[in-house]
Each structure stands twice: as structure tokens, then as C-alpha cells.
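# Coordinate inspection notes
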Amino acid sequence: MFSLNDLYDILKPYQDIIELAIIIIISMVLFTIILKLIKKRLFAKVKTRKQRSNVTVFTDLLKYIFVIFLLIIIVSFYSGKLGDLGFVAGLLTVALGWALQKPISGVVAWLILITRRPFHIGDRVLILNMKGDITNITLTHIFLNEVGGTIDGEEASGRTVMIPTSIIFEQEVINYTQRDDYILDEVVVSITYESNLKEAEKIIINTVDKIMSSIREKFPKRIRTDSHIRLMFRESGIDVIVRYYTIATSRNEISTNIRREIWNMIKNSPNVEFAYPHTEVLFREKTTSKK
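We now turn to the structure provided with this report. This is a predicted model, so every value here is computed, not measured.

Rules of the game
Residues numbered from 1 in each chain as written. Predicted model: local features only at pLDDT ≥ 70, side-chain atom pairs only at ≥ 80, totals over all residues. Heavy atoms only, no water. Helix = DSSP H or I, 4+ residues; strand = E, 2+ residues; numbered from the N terminus. Buried < 20%, exposed > 50% of the residue type's maximum accessible area, 1.4 Å probe, protein only. Contact = heavy atoms within 4.5 Å. Areas by Shrake-Rupley, 256 points an atom, 1.4 Å probe, with all protein chains shown as cover. Expected span 1.5 Å × (residues − 1). Phe/Tyr/Trp six-rings, centres within 6.5 Å; stacked < 30°, edge-to-face > 60°. Pairing = 2+ DSSP bridges. Axes fitted to C-alpha atoms, helices over the stretch in contact; angles between N-to-C directions. Parallel < 35°, antiparallel > 145°, perpendicular 65-115°, else oblique. Left-handed = near helix turned anticlockwise from the far one by under 90°. Nonpolar A, V, L, I, M, F, W, Y, C, P; charged D, E, K, R; others polar.

## Overview of the overall build of the protein chain
- Per the secondary structure count, the protein chain includes 7 helices and 8 strands.
- Classification of the 291 residues of the protein chain by burial places 30% in the buried group.
- Contacts spanning at least 24 positions in sequence make up 62% of the contacts within the protein chain whose residues lie at least 6 apart.
- Accessible area of the protein chain: about 20,100 Å², with a carbon and sulfur share of 60%.

The following block contains the structure:
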């Protein structure tokens, strides 16, 4: 009959492996609990999006360090001597170096990203003609919540884009929110040459100030809180261009509200008309001169 002694005899040759496995499992459980507590405490203290990004990157770094530490323990356990560890690591580096050039360059890129911080989690960026808000930065990939893509605009498409981190060595990266969450935007209104230009400018400026008033209260001091007008002559009329600072991630919604209000104001104005490409035929009476 099978007994515990028989089970012990079967498992005895694997005793070292079983002990190592138990140590690793206990270590992983304890580390996960401790990491969650650290993350929770740090998130409770953050106040800005960039601080939240720093916490995420820091906890990810702790995870990678922990994994490397476990690998070192396993290798040293099987090598028997810590002196052999360098030799084993060297062999692994040579063997994997050629096959894993891209992943390795991705890890190097990740190290650059967490040290130089060209962008943070939550920033809106443009990489490889793909625009989106960064949700995570891992050893191998940058994850974006895509904006645009399926539509002509900057609203969330619902798709997640994975971009290799190594791409930062090959492509330029445009960060919309590196310094803060505000960028310069514009709305173009075309009016006829017969319109009252001063009245049109007044309507447009007042409309922008009305829509932006509550938003501008949160602007930092360095951001302009006024709007300014630029003009362009076109074949069919005058383009009145109003430029103003707005929230980068909400620019489409805000500009739509501004256009809707401008439309209502100009439609009710007797002195301002929208211009559009069209053809007019003018008939004039032919006058005869008396001799």
C-alpha cells in the first residue's frame, strides 16, 4: 500500500527544486501584496497626472527589479557558485543578443523613457502618424488609446494601439501635453466682402470669450487668456481666423461649441453674412446716351 514514506522517497531527489519553488511562490505572493500597498499609498498622495504617471513607472520598475532578482537566485542556485554567475550571464547575452536585437533595443528605449521622460502616462502624443493618449509604458511597448483614426477629428476611437518602444530611436514623437494640458487652436469663419468686418470680429471674439470663460479660470499664469484675430483674403470672401488656447484633449468639443454659437450669432446679424464658393450672375440695364 502506498504511504507517505513512499511519497517522500519519490520526491526526495527533487527536494532542492521543491524548496526553491516554494521560496519563489512565497516571495511572489509577499511581493505582490507589498507592491499593492505601496501603490495604493502613493496614489492616495498624488495630485497631478504626471505624478500618477511617475508612480506607475516606479512600481513597474520595482516589478522588473524583482523578476531580475529572482532570475539571479535561480541561476546561482543551479550554477552552485556565484563565481559562475558571470560566465552564465555572458553566455546568455551572446546567445540571445543576435536573436533578440529588437527586444533588447526596446528595453534600452524603455530605460531612456523612464529616465529622460519625454512623455508621461496620460500625455497625448503623435507617433508614426498615430495619435492617442498614453495608457502604459512597458519594457517592449507603448500603449495608446487612439484618438481619430476611424474618424476625422481627435475624439477617442475606442481602439488600443501598441507601438514598440524602440520606435523612439527611429521616429519623431510629438507631445501635445509635455508642459501642460493646453495648446493653441483656431476656428475659421468665412464672411463676404460686403459684410461688416468689425462687427464680425466682435461677434467671434465675444463668442470665444463666452465659451472659454469657465475654462480659462483654470489656466496657469503662462497661458494667454485672450483671443486674437487673423485675416486671410480668399476668392469667395474673407477668412476671419480666431486663435485661442484650449484644452488639448477637449479641443474638438470646445471648438464645436464655439462654431455653433458663432453660427447662431451671424445668422441673426443683418450686417454679416457667411461666404461660400458660388457663382452670381448680375444683370445691368443698358443705358443709352442722348444726343
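## Looking at helix H7 (residues 251–267)
- The end-to-end C-alpha distance of H7, which contains 17 residues, comes to 24 Å, matching closely the 24 Å that a straight helix rising 1.5 Å per residue would cover.
- Among the structural elements, strand E6 (182–191), helix H6 (197–216) and strand E8 (238–247) are those in contact with the buried residues of H7.

## Looking at the packing of aromatic side chains
- The full count for this structure, using the stated rule, is 3 aromatic pairs.
- Between Trp263 and Phe274, the aromatic rings sit 5.1 Å apart at their centres with planes inclined by 20°, giving stacked as the arrangement. In this pair, Trp263 sits in helix H7 while Phe274 sits in the segment after H7, placing the two residues 11 residues apart along the sequence.

## Brief notes about the sheet that holds strand E7 (residues 228–233)
- Spatial strand order, E6-E8-E7: 3 strands in an open sheet with antiparallel pairing. For this open sheet the edge positions go to E6 and E7, each flanked by a neighbour on one side alone. Neighbouring strand axes in the sheet, compared pairwise and without regard to direction, differ in orientation by 25° on average.
- Here 10 bridges tie E6 to E8, and the two strands are oriented antiparallel to one another. Along E8, the bridge assignment pairs Leu184 with Tyr245.
- Sitting on the sheet, H6 touches E6, E7 and E8, and the angle it makes with E8 is about 10°.
- Strands E6 and E8 of the sheet are contacted by H7, whose axis makes an angle of about 25° with E6.

## Concerning the packing of H6 against H7
- Interhelical geometry of H6 versus H7 gives an angle of 140° and a closest axis separation of 9 Å. Relative to H7, the element H6 is oriented oblique. Seen along the crossing, H6 lies across H7 with a hand that is right-handed. Within the contact between the two elements, H6 uses Ile203, Ile204, Thr207, Val208, Lys210, Ile211, Met212 and Ile215 and H7 uses Ile254, Asn257, Ile258, Glu261, Ile262, Met265 and Ile266.
- Residue classes in the contact of H6 with H7 are distributed as 11 nonpolar, 2 polar and 2 charged.

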